[in-house]
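Chain by chain, the residues:
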Amino acid sequence: MYKDKIYIISIVITLISLFFFIISINDLLFGNVALIHLFSIKFIGAWQYWVLIVSVILFSYFAYMSYSLISDMSKFKKLLQSSSKKTFISNMPDLERISKRFGEHYDDLLTEAKHKWGIKK
């Protein structure tokens with residue numbers, strides 16, 4: 001059940017890592033006083049560089065993961081609503097991969113679509 005909501009967690013981690021990236025880059029390079037008064041991590045000293053490095057890595061990974069998950073969800077829904085049986089059958093490996101990735105709900109949707117098109121696999 002949690003697999004179909006994993007994109008939400010991915011987006012939240014992306015936004016949190018972006019927040020820490022902005023705060024650490026401001027503290028280390030720009031020194032915008034208005035932003036420092038709101039949020040600052042200067043109190044951790046030399047660890048600011050580690051926060052910057054980790055936030056860049058986490059942002060990159062989870063931004064890609066979020067994009068991948070949302071793209072797969074969109075593709076799955078688009079292919080299920082296809083009006084062509086040929087398109088549906090030709091994209092069956094992708095549909096099965098996505099349904100396994102997102103869990104039981106997507107697997108049920110795929111089974112219903114297969115039944116609608118008369119596919120027995």
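These numbers were taken from a predicted model, which means no experiment stands behind them.

1. A look at helix H6 (residues 104-117)
(1) Moving on: Between its first and last C-alpha, H6 extends 20 Å over 14 residues, near the 20 Å set by a 1.5 Å rise per residue.
(2) Moving on: The elements touched by buried residues of H6 are helix H3 (47-80), helix H4 (85-90) and helix H5 (92-102).
(3) Moving on: Immediately downstream of H6, the backbone of Gly-118 shows phi near 75 degrees, a positive value.

2. A few points about the packing of helix H1 (residues 6-30) against H3
(1) Moving on: Taken N-terminus to C-terminus, the directions of H1 and H3 make an angle of 150 degrees; their axes are 7 Å apart at the nearest point. With respect to H3, the axis of H1 lies roughly antiparallel. Between H1 and H3 lies a crossing of left-handed hand.
(2) Moving on: By residue class, the composition of the contact of H1 with H3 is 21 nonpolar, seven polar and one charged.

Calculation rules
Residues numbered from 1 in each chain as written. Predicted model: local features only at pLDDT ≥ 70, side-chain atom pairs only at ≥ 80, totals over all residues. Heavy atoms only, no water. Helix = DSSP H or I, 4+ residues; strand = E, 2+ residues; numbered from the N terminus. Expected span 1.5 Å × (residues − 1). Contact = heavy atoms within 4.5 Å. Axes fitted to C-alpha atoms, helices over the stretch in contact; angles between N-to-C directions. Parallel < 35°, antiparallel > 145°, perpendicular 65-115°, else oblique. Left-handed = near helix turned anticlockwise from the far one by under 90°. Nonpolar A, V, L, I, M, F, W, Y, C, P; charged D, E, K, R; others polar.

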